[in-house]
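Letter by letter, the chains look like this.
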2 protein chains.
Amino acid sequence: MSRLVMKFGGTSVADLDKIANAASKVAQEVKNGHEVIVIVSAMSGKTNELVSWVKETKEDYDQAEYDSVVSSGENITSGLMALRLQEMGVPARSWQGWQVPVQATGHHESARIDAIPTDNLNKSFESGHKVAVIAGFQGVMDDGRIATLGRGGSDTTAVAFAAAVNAVRCDIYTDVDGIYTTDPRIVSEARKLNNISYEEMLELASLGAKVLQTRSVELARSYKIPLRVLSSFEEDISENIGTMVCQEKDIMENIKAVKGVAYSRDEAKLTLVSVADRPGVAAAIFVPLADAGVNVDMIVQNISEEGRTDMTFSCPVDQVIRAKKALTEAMSADLINYKELIADTLVAKISIVGNGMRSHAGVAAQMFEVLANEGVNIRVITTSEIKVSVLVDRKYMELAVRALHDAFELENA
Amino acid sequence: MSRLVMKFGGTSVADLDKIANAASKVAQEVKNGHEVIVIVSAMSGKTNELVSWVKETKEDYDQAEYDSVVSSGENITSGLMALRLQEMGVPARSWQGWQVPVQATGHHESARIDAIPTDNLNKSFESGHKVAVIAGFQGVMDDGRIATLGRGGSDTTAVAFAAAVNAVRCDIYTDVDGIYTTDPRIVSEARKLNNISYEEMLELASLGAKVLQTRSVELARSYKIPLRVLSSFEEDISENIGTMVCQEKDIMENIKAVKGVAYSRDEAKLTLVSVADRPGVAAAIFVPLADAGVNVDMIVQNISEEGRTDMTFSCPVDQVIRAKKALTEAMSADLINYKELIADTLVAKISIVGNGMRSHAGVAAQMFEVLANEGVNIRVITTSEIKVSVLVDRKYMELAVRALHDAFELENA
């Protein structure tokens, strides 16, 4: 019998009515002939409540205890969802992470799934259950303690289960109805994509289209699990609904060079002017930044004069103070030497993404031309095989996104 | 090193401040040189919330799912308590039932503890932990599913752990400061007892002094675990505080015949008039009542006329309708035969309890005389070795309790 994984996030199981709504979708897939593995998050708000209790009790908390407390949220939802399915006549039972067991490894609060033995689940299906409702975001460590997974862990749980049980598909139910060519709040003509490749999704996710967690997409790519994003608040869940994230070769319609336009509003650009240019200088700059917890994104190096260079990088705007402190200290410790440190905290990042860029020449040039025609000055450029990103003044962000969406004709399929 | 068990009920861990207060008492006992096993209930109100979610989701709920959801309440408290102890510098960790493991058997929602292997706990203490914070009221079944224990299960968990780790004492922290000679709301001179025997406590508990759960007292008696009841809201927790429930031989002050006066307000008396008196008639009456879930308490049989008898019994007043229905059906089915069924729903039960009755003659007679002097008519009498119970008209209940407390001089130690 074919197995299907369905994942419901916190807003999709926010209260008993929403749990009932999600359960009706599960019942429908059982009727369609699937054995279903449901992954549930905590009811929205629950996790925050538990986290605040932990932090109020001990600010520098023991992460093992944090995990033990916070994982309760998902446990509660899994039991309630199983009960709701039973109420609908669907044979279901709940599973806490340790019961499966979801074997976890690494550090508490950011553990990774190591393995999911399926013997217990298989026995449960053989005994007549049609649905296994799994508490997401958690596993059990070798020492028998509960661990929660890193950010977006419920998505990752879903994909890991899909791989373990060899599921035909992993459906991620959320509060949007799919992946869009860009943010519809900025461009009203933004269009929902029917398909997107894992690679494109990874570029979009890391750029701020926060529908799917990066790790879960990487995992889905590794195991070639078709991943579908769809709304839990729409009636229709038939196979052509939502956006399918899959292998590039399975996408027929990939004619266009550009698939979507992503943006990230709160970026900052820092430039170290006239750095002594010698081997190891990049490491001398970026190791202290990493140690200080600064998430460096774009990096550009220009030759300025003989033996000196300008080094520019971007990071989230709220990490600028931390970055400056780390660099000033490195200067004091004589690890690096620069003339000036300039921070521009009023920039935004805009990216165009598409597998088609591999075969279409001149896409980057077209992007720069579009921006130039709108009078938008480009501060920094970086490129990858399927992406071009630029930093621009933040005030031009919406204008730039709209112009690019229009120029690459993303409103038409 | 000596081990001590401390149990905190829901009102004692109702919020983060109360958890901190309870933790400070645990820290004090660690300072006193104990390794401590703490048993915690859910924060008060938490369990009710979870139960209401379960019932709203499925009225005739699956009890295994109920247990899985409801046990989360205690899990949360155990983690928060461990964190609070760590914040105070006390090495502590939390334990969910399955982690110990607390092996449970029987039925979900009313499981019993079968065994508590202590290997894991011992390793934890050996590794340097001074406190194990156990989520009460739960265990794990042979099939790996979570089970909650029956009513009062946290008290029972505490005593079972005390037996398993060979604790010097089991302290039950609650919202009263001990066991009283009677209800202080009725008799202002009621006195807190320093000691009470297991047997006396069992008679008092089953009669409505609802401080300790009957099963936990029975278990403590079997394993000879000294059980102390004390307030979590008093500063002083030194050994002479609260009431110690222990073996009769360990109580020095047992001079008095009567230790306490208990009452139960909402009782009903039912009389089957002129029942055909033949072998098996008692079974024919009380088996259908038990099947209907009627908790029959006192039973009295009088010979009325030749071949016929009157049978009187008491039960909680809210079970009278159920009792009448069961008896009427038994009559229709020709299982029993009686002339009339009389229900008196306006009675209360009053009991005097004391191990001293074994050696003091005439205690029952003195009780009857006291009640007669106050003009209180006795409807039904039953006696055991250490208890005399009577049913009286409910309107006389407070008067009768006061008169008996006074006559047996319970206000003086």
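Here the structure is a predicted model, which is why all the values come from computation and not from measurement.

Asker: Which residues make up the overall build of chain A, and what are the values?
Answerer: A count of helices and strands for chain A gives twelve helices and 18 strands. Taking 2.2 N^0.38 as the reference for a compact globule, 413 residues should give roughly 22 Å; the C-alpha atoms of chain A span a radius of gyration of 24 Å, in line with that estimate. By principal-axis analysis of the C-alpha atoms, chain A measures approximately 75 × 50 × 30 Å. Across the 413 residues of chain A, 49% fall into the buried class. The long-range fraction of contacts in chain A, counting pairs at least 24 apart against all pairs at least 6 apart in sequence, stands at 74%.

Asker: Explain the nonpolar core to me, and be specific about the residues and the numbers.
Answerer: Counting residues in hydrophobic clusters, the biggest one holds 255 residues, and the most contacted among them are Val38 and Met81 of chain A together with Val38 and Met81 of chain B. Not counting residues up to four positions away in its chain, the partners in contact with Val38 of chain B are Met6, Phe8, Val26, Met81, Val131, Val133 and Ile134 of chain B.

Asker: Requested: an account of the packing of helix α9 (residues 281-291) of chain B against helix α10 (residues 320-332) of chain B, with residues and values cited.
Answerer: All names here are of chain B. It is at 9 Å that the axes of α9 and α10 come closest, and there the two elements cross at 130 degrees. With respect to each other, α9 and α10 are oriented oblique. Judged by the sense of rotation from one axis to the other, the crossing of α9 with α10 is right-handed. Residue-level inspection shows Ala284, Pro288 and Leu289 of α9 in contact with α10, the latter providing Ala323, Ala326 and Ala330. Across the contact of α9 with α10, the residue classes break down as six nonpolar, no polar and no charged.

Asker: I'd like a rundown of the environment of Glu340 of chain A, residues and numbers included.
Answerer: Residues and elements named next belong to chain A. With respect to the helices and strands, Glu340 occurs in strand β16 (residues 340-353). For Glu340, a count of 9 C-beta atoms within 10 Å puts it in the exposed group. When the C-alpha positions of Glu340 and Asp310 are compared, they lie 9.7 Å apart, and in sequence the two are 30 residues distant.

Asker: Report on the pairing of strand β6 (residues 131-135) of chain B, specifying residues and quantitative values.
Answerer: Residues and elements named next belong to chain B. With five of five residues buried, β6 is to be regarded as a mostly interior element. Every second residue of β6 is oriented toward a common face, with Val131, Val133 and Ala135 on one face and Ala132 and Ile134 on the other, all of them buried. Sheet analysis places strand β2 (residues 35-40) next to β6, joined by five bridges and oriented parallel. From the neighbouring strand, Val36 faces β6, where its bridge partner is Val131. Two strands pair when backbone bridges link them, and strand β3 (residues 92-95) and β6 are joined in this way by four bridges, in the parallel orientation. Within β6, the residue paired with Ala92 across the bridge is Val131.

Asker: Tell me about the packing of helix α4 (residues 72-87) of chain A against helix α3 (residues 63-70) of chain B, and name the residues and values.
Answerer: As a packed pair, α4 of chain A and α3 of chain B sit with axes 8 Å apart at the nearest point and diverge in direction by 160 degrees. Of the possible angle classes, the one that applies to α4 of chain A and α3 of chain B is roughly antiparallel. Where α4 of chain A crosses over α3 of chain B, the two elements pack in a sense that is left-handed. Together, Asn75, Ile76, Gly79, Leu80, Ala82 and Leu83 of chain A of α4 of chain A and Glu65, Ser68 and Val69 of chain B of α3 of chain B make up the contact between the two elements. Looking at the contact of α4 of chain A with α3 of chain B residue by residue, the classes come out as five nonpolar, three polar and one charged.

Asker: Got a sec to walk through the confidence of the model for chain A? Specific residues and values, please.
Answerer: Residue-level pLDDT values for chain A average 92, and 97% of them are 70 or greater. Reported confidence for the predicted complex is 0.80 by ipTM and 0.82 by pTM.

Asker: Got a sec to walk through the relation of the copies chain A and chain B? Specific residues and values, please.
Answerer: Once chain A has been moved 0.0 Å along the axis and rotated by 180 degrees, it coincides with chain B to within an RMSD of 0.1 Å. Seen this way, the second copy is the image of the first under a two-fold rotation axis. Proximity to the rotation axis, assessed at the C-alpha, singles out Ser72 of chain A in chain A; its C-alpha lies 2.9 Å from the axis.

Asker: Residue-level account of unusual backbone geometry, with values.
Answerer: Residues and elements named next belong to chain A. At the junction of Val100 and Pro101, the peptide bond is cis and its omega measures out at -10 degrees in the coordinates. Examined against the element boundaries, Pro101 turns out to sit in the loop between β3 (92-95) and β4 (103-105). Despite not being glycine, Ser274 has its phi angle at roughly 55 degrees, a positive value. On the secondary structure map, Ser274 appears in strand β13 (residues 260-276). What makes Ser274 partly exposed here is the crowd of 17 C-beta atoms within 10 Å.

Asker: An account of the domain arrangement of chain A is needed here, citing residue identities and associated values.
Answerer: All names here are of chain A. Segmentation of chain A into domains returns domain 1 (3-251) and domain 2 (261-407). For domain 1 versus domain 2, the distance between C-alpha centres works out to 34 Å. Listed as interface residues are 15 residues of domain 1 and, on the opposing side, 14 residues of domain 2. For the side of domain 1 that touches domain 2, the element with the highest residue contribution is helix α7 (residues 198-206), accounting for four residues. Partitioned by chemical class, the residues of the side of domain 1 that touches domain 2 number six nonpolar, four polar and five charged.

Asker: So what's going on with the interface of chain A and chain B? Residues and values would help.
Answerer: Across the boundary between the two partners, chain A contributes 27 residues, which contact 27 residues of chain B. For the side of chain A that touches chain B, the secondary structure elements donating two or more residues are α2 (46-57), α3 (63-70) and α4 of chain A. Per-element accounting of the side of chain A that touches chain B gives the leading share, ten residues, to α4 of chain A. Grouping the constituent residues of the side of chain A that touches chain B by class yields eleven nonpolar, ten polar and six charged.

What counts as what
Residues numbered from 1 in each chain as written. Chains lettered and ligands numbered in written order. Predicted model: local features only at pLDDT ≥ 70, side-chain atom pairs only at ≥ 80, totals over all residues. Helix = DSSP H or I, 4+ residues; strand = E, 2+ residues; numbered from the N terminus. Rg over C-alpha atoms; globule rule 2.2 N^0.38 Å. Buried ≥ 20, exposed ≤ 12 C-beta atoms within 10 Å, placed from the backbone. Contact = placed C-beta atoms within 7 Å. Core = buried A, V, L, I, M, F, W, Y, C linked by C-beta atoms within 7 Å. Axes fitted to C-alpha atoms, helices over the stretch in contact; angles between N-to-C directions. Parallel < 35°, antiparallel > 145°, perpendicular 65-115°, else oblique. Left-handed = near helix turned anticlockwise from the far one by under 90°. Nonpolar A, V, L, I, M, F, W, Y, C, P; charged D, E, K, R; others polar. Pairing = 2+ DSSP bridges. pLDDT = per-residue confidence, 0-100. Least-squares fit on C-alpha atoms with pLDDT ≥ 70 in both. Domains from an automatic or database assignment.

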